[in-house]
2 protein chains.
Amino acid sequence: MTSGLAILAGDGRLPVQLHQAVPDALCVVFEGMAHQLASENLHVCQFERLQSLFELLKHHEISKIVMAGAMSRPQLDPAKFDAFMHNIAPDFIKVLQKGDDTVLRYVITLFEDQGFDVVAPQDIALELTLLAGAAVGALPDALLADVAYADQILRHMSTLDIGQGVVVEGGHVLGIETLQGTEALLDFVAITSSSLRSSQGGVLVKRPKVNQDMRVDVPTIGPQTIRQAAKAGLSGIVISPDKVLVLDRDTTLSLAQSLDIFILAQDPEL
Amino acid sequence: MTSGLAILAGDGRLPVQLHQAVPDALCVVFEGMAHQLASENLHVCQFERLQSLFELLKHHEISKIVMAGAMSRPQLDPAKFDAFMHNIAPDFIKVLQKGDDTVLRYVITLFEDQGFDVVAPQDIALELTLLAGAAVGALPDALLADVAYADQILRHMSTLDIGQGVVVEGGHVLGIETLQGTEALLDFVAITSSSLRSSQGGVLVKRPKVNQDMRVDVPTIGPQTIRQAAKAGLSGIVISPDKVLVLDRDTTLSLAQSLDIFILAQDPEL
């Protein structure tokens, strides 16, 4: 018996790691989109022919789908549409004017309507997240209030559908994640004038939004986050247990260890 | 009869403009701090000898004080303390560990306890602010929803004592002002990847926090804000009427005109 899982893969390490976790999963990429999967056993589909994709999945007795990795918005060529796409095109084109989350939720619904179960990466491979506890180092007592402040901010941000990350240091907010994402946030903190910084080093708190669809835009950290946190003069990172993806976990944790960045998985105290 | 006003001046254009508005005001600077006032009729005081400053003010029959311009935190030399400073030093040193607003509020209280009335720059010279209405250009209808969204964010931020500025574009938040201030916010927006930007151009909304002490950290725009807004690809700026200082008003408005940046003074619709 197979896992019955298909990975709809975009760019980045996550699809690769999911494939390692479930080696018999069916790997699918869309023509023209970047990915890092090995080319063997890879199915290349066209977004304009979703009907063919559904048939492929059913042929392979796929029941579960995980969407993973960065996908650019499809550049649709109507000349290539199959019957299914012709049918949904008016709706789809309207949805493509909206935000990324709306587009992804719409695509999820397309698959669900065909009877597939769309699941989250962390439900396929729980080892992609961290269990509650200190993974590297320890949260200094001096930062307890900063983490609580960051969580207050994240809670308010959630109701406004804004980012998943905040940097606080010594009671001062050094950055709130916006459309540009966590990397841009940490770059911004890194260039903050030293006269505004305190010696203790700030903390990045990163969590899913309240009521976030955990199949879409799951918050993620990885080696790059650790390098940037060090460069930004942070003491460490607090994430939610089980709900934040940790890419290349071994590398991420050992890098944090060597750069003296603590990593704590802990739910907010609200 | 004189105005009975003293300007306690820090760096920047604001003290200069206040002095232009009230030419007979007594100008006071603290030794070692930057300022742009003409040297004639300038009183240089030491922070360690506040008692002498109080006596100077009383001698000149000063009843009102305005604190204006950027001041660095005083580097106090205890060897120079007069009796008054010796008395308050234990409290003052504790306060100096806190945020800027706390320090300024404490200093205001010191003057109030001596019977002086500490007033806001905009109460001295209302022409430093804008009356309600479109000062330059007009807010495009397409940005109405963005301004409403920005105001929602600012309202939440206010309860958390965070910044006074937000940039929104096409329903996406491009930046939230944090400790680094509006210039850093606009620099951050300016380097946003063009793939994340929409063609309509965003809007900067800048207002005092709810319940803000309007004598401290009054939100300010000026020529530099306009140049940076243009560089960040914004359409314009919305500020609160009567409550946001507009430095070098003529220059600011004509620069906005020539760079095609609208300026609207309008209270939030909440």
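Here's a quick rundown of the structure. (Residues numbered from 1 in each chain as written. Chains lettered and ligands numbered in written order. Predicted model: local features only at pLDDT ≥ 70, side-chain atom pairs only at ≥ 80, totals over all residues. Heavy atoms only, no water.)

1. Things to note about the environment of Gln257(B)
Alright, step 1. Position of Gln257(B) relative to the elements: it lies in helix H9 (residues 249-259).
Alright, step 2. Between the C-alpha atom of Gln257(B) and that of Val136(B), which follows or precedes it by 121 residues, the distance is 6.2 Å. (Helix = DSSP H or I, 4+ residues; strand = E, 2+ residues; numbered from the N terminus.)

2. Comments concerning the side chain of Ser158(A)
All names here are of chain A.
Alright, step 1. Considering the arrangement of structural elements, one finds Ser158 in helix H6 (residues 144-159).
Alright, step 2. Ser158 sits in the buried class, given a relative accessible area of 14%.
Alright, step 3. Polar side-chain contacts of Ser158 include one of 2.9 Å to the backbone nitrogen of Val210.
Alright, step 4. Other than its neighbours up to four places away in sequence, Ser158 contacts Lys209 and Val210. (Buried < 20%, exposed > 50% of the residue type's maximum accessible area, 1.4 Å probe, protein only. Polar contact = N/O pair within 3.5 Å; in protein donor to acceptor, adjacent residues only side chain to side chain. Contact = heavy atoms within 4.5 Å.)

3. Examining the pairing of strand S1 (residues 5-9) of chain B
All names here are of chain B.
Alright, step 1. In terms of burial, S1 is a largely internal element, five of the five residues being buried.
Alright, step 2. The alternating pattern of S1 places Leu5, Ile7 and Ala9 and Ala6 and Leu8 on opposite faces, both of which are buried.
Alright, step 3. As paired elements, S1 and strand S4 (residues 64-68) share five bridges and run parallel to each other. Across the sheet, residue Leu8 finds its bridge partner in S4, namely Met67. (Pairing = 2+ DSSP bridges.)

4. Section: the interface of chain A and chain B
Alright, step 1. Contacts between the two partners involve 23 residues from chain A, matched on the other side by 23 residues from chain B.
Alright, step 2. Of the roughly 2,000 Å² buried between chain A and chain B on both sides combined, carbon and sulfur atoms contribute 73%.
Alright, step 3. Across the contact surface, chain A and chain B share zero salt bridges.
Alright, step 4. Run the count over chain A and chain B and you get eleven residue pairs in polar contact (both at pLDDT 80 or more).
Alright, step 5. Breaking the side of chain A that touches chain B down by element, the ones donating at least two residues are H6, strand S8 (172-176) and helix H7 (181-190) of chain A.
Alright, step 6. No other element matches H6(A), which puts six residues into the side of chain A that touches chain B.
Alright, step 7. Split into classes, the residues belonging to the side of chain A that touches chain B amount to 13 nonpolar, nine polar and one charged. (Buried area = accessible area lost by both parts, 1.4 Å probe. Salt bridge = Lys/Arg side-chain N within 4 Å of Asp/Glu carboxyl O. Nonpolar A, V, L, I, M, F, W, Y, C, P; charged D, E, K, R; others polar.)

5. With respect to the nonpolar core
Alright, step 1. Of all hydrophobic cores here, the largest spans 38 residues; its most connected members are Ile153(A) and Ile153(B).
Alright, step 2. Look past the residues within four positions of Ile153(B) in its chain and what remains in contact with it is Leu160(A), Ile162(A), Val166(B), Val168(B), Val173(B) and Ile176(B). (Core = buried A, V, L, I, M, F, W, Y, C linked by side-chain atoms within 4.5 Å.)

6. Description of the packing of aromatic side chains
All names here are of chain A.
Alright, step 1. With the rule as written, the count across this model stands at 15 aromatic pairs over all chains.
Alright, step 2. Summarising the aromatic geometry, the rings of Phe47 and Phe92 are spaced 5.8 Å apart at their centres and angled 35 degrees between planes, so their arrangement reads as tilted. Taken as a pair, Phe47 in the loop between strand S3 (42-45) and helix H2 (50-59) and Phe92 in helix H3 (residues 83-95) lie far apart in primary sequence, 45 residues in all.
Alright, step 3. Under the relative-accessibility criterion, Phe47 is labelled buried at 9%.
Alright, step 4. Counting every residue linked through ring pairs, the aromatic cluster contains Phe30, Phe47, Phe92 and Tyr106. (Phe/Tyr/Trp six-rings, centres within 6.5 Å; stacked < 30°, edge-to-face > 60°.)

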